[in-house]
Amino acid sequence: MKGKIPQEWRVVKIKNIGEIITGTTPSTKIEKYWGGEIPFVTPTDFTSNKYVYKTGRSVTTDGAKHGRLIPKDAVMVICIASIGEVALAFNECITNQQINAIICNKEINPDYIYYTMLFNKNKLIRWAGITTSPIIKKSTFEKFPIPLPPLPEQQKIAEILSTVDEVIEK
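Given the structure is predicted, the values throughout are model-derived calculations rather than measurements.

Draft legend 1. How the structure looks around the overall build of the protein chain. Secondary structure assignment for the protein chain yields five helices and 10 strands. Over its C-alpha trace the protein chain gives a radius of gyration of 16 Å, about what one expects of a compact globule, namely 15 Å for 170 residues. C-alpha atoms of the protein chain, sized along the principal axes, occupy 55 × 35 × 30 Å. Long-range contacts, defined here as pairs at least 24 residues apart, represent 70% of the contacts in the protein chain between residues at least 6 apart. Element-wise, carbon and sulfur atoms account for 53% of the exposed surface of the protein chain, whose accessible area totals about 9,700 Å². The protein chain carries 22 positive and 17 negative side-chain charges, and their two centres are separated by 9 Å.

Structural data, given as structure tokens:
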């Protein structure tokens, strides 16, 4: 990691801050999986908002069983094509395979991780390398280093940046 961070901060790999889940798409050939109440998040649902509030498609409970359910506030990062786009899950949802979700441990603030990933987007893009369709494999994504302050500092940093975002959205 380049640059200086405060002494009490650590540099950790993403896999050490929570569970990483790569999304999966339930079969589109099985009609009973689609059109339910559970949001199905794809990269096209990401906007400039912090949260994905609305999705183009949704799945049923049966459909969700064939996906990987992630909780509200999971940090979703696009790792294929539009690498580094990031958003938080507004509700429990499933994602497609282009998205890795970070389900943060209790001592990790998801808002802080959201802003950290947003700040490190260009670095993540560089990790993908130059290919026709850029991709960050889950095993590579899990090794991505991020600065991690103690939880109270994570919360304060996230609170300040969230306040700025709310003003911008208005």
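Draft legend 2. Here's a closer look at the nonpolar core. One finds Val77, Ile102, Ile113, Met117 and Phe141 to be the most contacted residues of the largest nonpolar core, which totals 28 residues. Those residues within four positions of phenylalanine 141 in sequence are excluded, and the remaining contacts are Ile14, Ile20, Val77, Cys79, Asn100, Ile102, Met117, Leu124 and Ile136.

Draft legend 3. A look at helix H3 (residues 121-128). Within the span of H3, buried status applies to Lys123, Leu124 and Ala128. For H3, the buried positions fall inside an angular range of 155 degrees around the axis, keeping them on one side. Turned more than 90 degrees away from the buried face of H3, the exposed residues are Asn122 and Arg126. If you follow the buried residues of H3, they end up packed against strand S6 (75-78), helix H2 (110-119), helix H4 (138-141) and strand S10 (145-148). One or two residues past the end of H3 sits glycine 129, with phi positive at roughly 80 degrees.

Draft legend 4. Just the pairing of strand S9 (residues 99-104), in detail. The buried fraction of S9 amounts to six of the six residues, a majority that puts the element mostly inside the structure. Every second residue of S9 is oriented toward a common face, with Ile99, Ala101 and Ile103 on one face and Asn100, Ile102 and Cys104 on the other, all of them buried. As defined by bridge partners, strand S2 (residues 18-22) adjoins S9 across five bridges and the pair is classed as antiparallel. Of the residues in S9, the one forming a bridge with isoleucine 21 is alanine 101.

Draft legend 5. Summary view of the sheet that holds strand S5 (residues 57-59). If you walk across this open sheet you meet the three strands as S5-S3-S8, and the pairing is mixed. Where the open sheet ends on each side, the last strands, each with one partner, are S5 and strand S8 (94-95). Two elements, strand S3 (residues 34-41) and S8, share two bridges in a ladder whose sense is parallel. Looking across to S8, one finds that valine 41 is bridged to threonine 95.

Draft legend 6. How the structure looks around the sheet that holds S6. Within the open sheet, the five strands sit side by side as S2-S9-S6-S7-S4. Their pairing is mixed. Only two strands of the sheet have a single neighbouring strand rather than two, namely S2 and strand S4 (51-52). Across the sheet, H2 lies against S4, S6, strand S7 (86-89) and S9, angled at about 165 degrees from S7, the strand it touches most.

Draft legend 7. Structural detail: a nonpolar patch on the surface. A cluster of nonpolar residues, Ile160, Leu161, Val164 and Ile168, forms a patch on the protein surface that exposes about 360 Å² of accessible area. Looking at where valine 164 falls in the secondary structure, it is placed in helix H5 (residues 151-169). Residue classification places valine 164 among the partly exposed positions, given a relative accessible area of 42%.

What counts as what
Residues numbered from 1 in each chain as written. Predicted model: local features only at pLDDT ≥ 70, side-chain atom pairs only at ≥ 80, totals over all residues. Heavy atoms only, no water. Helix = DSSP H or I, 4+ residues; strand = E, 2+ residues; numbered from the N terminus. Rg over C-alpha atoms; globule rule 2.2 N^0.38 Å. Contact = heavy atoms within 4.5 Å. Areas by Shrake-Rupley, 256 points an atom, 1.4 Å probe, with all protein chains shown as cover. Lys, Arg positive; Asp, Glu negative; His and termini not counted. Charge placed at Lys NZ, Arg CZ, Asp CG, Glu CD. Core = buried A, V, L, I, M, F, W, Y, C linked by side-chain atoms within 4.5 Å. Buried < 20%, exposed > 50% of the residue type's maximum accessible area, 1.4 Å probe, protein only. Arc of directions from axis to C-beta. Pairing = 2+ DSSP bridges. Axes fitted to C-alpha atoms, helices over the stretch in contact; angles between N-to-C directions. Patch = residues over 30% accessible without salt bridge, like charges linked within 9 Å, V, L, I, M, F, W, Y side chains within 5 Å. Salt bridge = Lys/Arg side-chain N within 4 Å of Asp/Glu carboxyl O.

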